[in-house]
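# Geometric and topological summary
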Amino acid sequence: RQIKQDDYDLVRRIVDAVVACPDAKAILDASEARERSALFTRDGVPGKARFDVDAMTAMALVADLKCLADPRPHRLLTGDIGRHRAIQASWYSTAYMLAGGDAAPDFAWIVVPTEPPFTKRVWVAQASDALLRFGDGEIKRALAVYKDCAARNCWDGYDQEIRMMEPPEWWAKEADRG
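The following paragraphs examine the structure supplied in this document. Quantities reported herein were computed from a predicted structural model and do not represent experimental measurements. (Residues numbered from 1 in each chain as written. Predicted model: local features only at pLDDT ≥ 70, side-chain atom pairs only at ≥ 80, totals over all residues. Heavy atoms only, no water.)

This paragraph deals with the sheet that holds strand β5 (residues 123-126). The sheet built from five strands is open, its strands ordered β1-β2-β3-β4-β5 with mixed pairing. Strands with a single pairing partner mark the edges of an open sheet, and in this sheet they are β1 (33-42) and β5. Across the sheet, the mean angle from the axis of one strand to that of its neighbour is 40°, orientation sign disregarded. As defined by bridge partners, strand β2 (residues 45-55) adjoins strand β3 (residues 61-68) across three bridges and the pair is classed as antiparallel. The partner of Ala55 across the bridge, within β3, is Leu61. Against the sheet, helix α2 (residues 22-30) contacts β1, β2, β3, β4 (106-113) and β5, and its axis sits at roughly 110° relative to β2. (Pairing = 2+ DSSP bridges. Helix = DSSP H or I, 4+ residues; strand = E, 2+ residues; numbered from the N terminus. Axes fitted to C-alpha atoms, helices over the stretch in contact; angles between N-to-C directions. Contact = heavy atoms within 4.5 Å.)

Once that is clear, we can look at helix α4 (residues 79-98). A rise of 1.5 Å per residue sets the reference length of α4, with its 20 residues, at 28 Å; its end C-alpha atoms lie 29 Å apart and thus fit the reference within 8%. If you check which residues of α4 are buried, you get Gly82, Arg85, Ala86, Gln88, Ala89, Ser90, Trp91, Tyr92, Ser93, Thr94, Ala95 and Tyr96. Taken together, the buried residues of α4 touch β1, β2, α3 (56-59), β3, β4 and α5 (129-152). Backbone geometry just after α4 places Gly100 at a positive phi near 125°. (Expected span 1.5 Å × (residues − 1). Buried < 20%, exposed > 50% of the residue type's maximum accessible area, 1.4 Å probe, protein only.)

Moving on to the pattern of salt bridges. Taken as a whole and assessed by the stated rule, the structure comprises 17 salt bridges. Put simply, Asp29 and Lys25 hold a salt bridge, and the shortest N to O gap is 2.8 Å. Taken as a pair, Asp29 and Lys25 lie in helix α2 at a separation of four residues, close to a single helical turn. What makes Asp29 exposed here is its relative accessible area of 55%. (Salt bridge = Lys/Arg side-chain N within 4 Å of Asp/Glu carboxyl O.)

Further remarks concern the pairing of β3. β3 sits mainly inside the fold: six of its eight residues count as buried. In this sheet, β4 lies alongside β3 in parallel orientation, the contact comprising eight bridges. The residue bridging Cys67 from the neighbouring strand is Val112, located in β4. In terms of handedness, the path from β3 via α4 over to β4 forms a crossover that is right-handed. (Right-handed = clockwise from strand over helix to strand, strands pointing away.)

Scope: geometric values only; no functional claims are made or implied.
Structure below.
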C-alpha cells in the first residue's frame, strides 16, 4: 500500500518541526536506538517497556514521543492521563535499569502537536525526581493489587450498572479561559 501524498506531507511537516526544536533534535541525535524494548521483572511481576528513544550512553536519558491534539505544556500532566504519564516515566526509567542497565536513566517526553501549526509547538518535558517518585508509588500500589488478585485468582471489576456521566467542573473553567 502506498502512502498518500497528503499524509506524507503532513508527516514531513511534523518531522521538520521536531528537528527544528533544538532540545528534541539533541535527544534524537544522541539516540543509539529507536523503539527499543526492555523485558524485566519487578517485585516478582514480569514487565515490558518500549522506549521510543534510547539516548542512554550520550545523555543518560530515555524518551517517549508524545503526539497530542493539545500540546500546551500545562496540559501534559492534566487529569488521569497526567497520572498515567507519571507512571510511564517511572516505569520506563526503572525498566531500563531492571532490564540490565547500570542505572536508571532520566526520562523525557518529546511533545509534538497532531494538528498544524507544528512549527514552534514541539517541546521537551523532563520528568522531575518528584514526578518519578509519585509514579513509583502508583506502580507499587498497582503491583500490590495485581499480586493480591493473582494470589486469590479473583479479578475485581466494576458494578454492572449504567452510570450517568456529567462533565467535570474543570471543563467549564477551561472553556471560560478560552
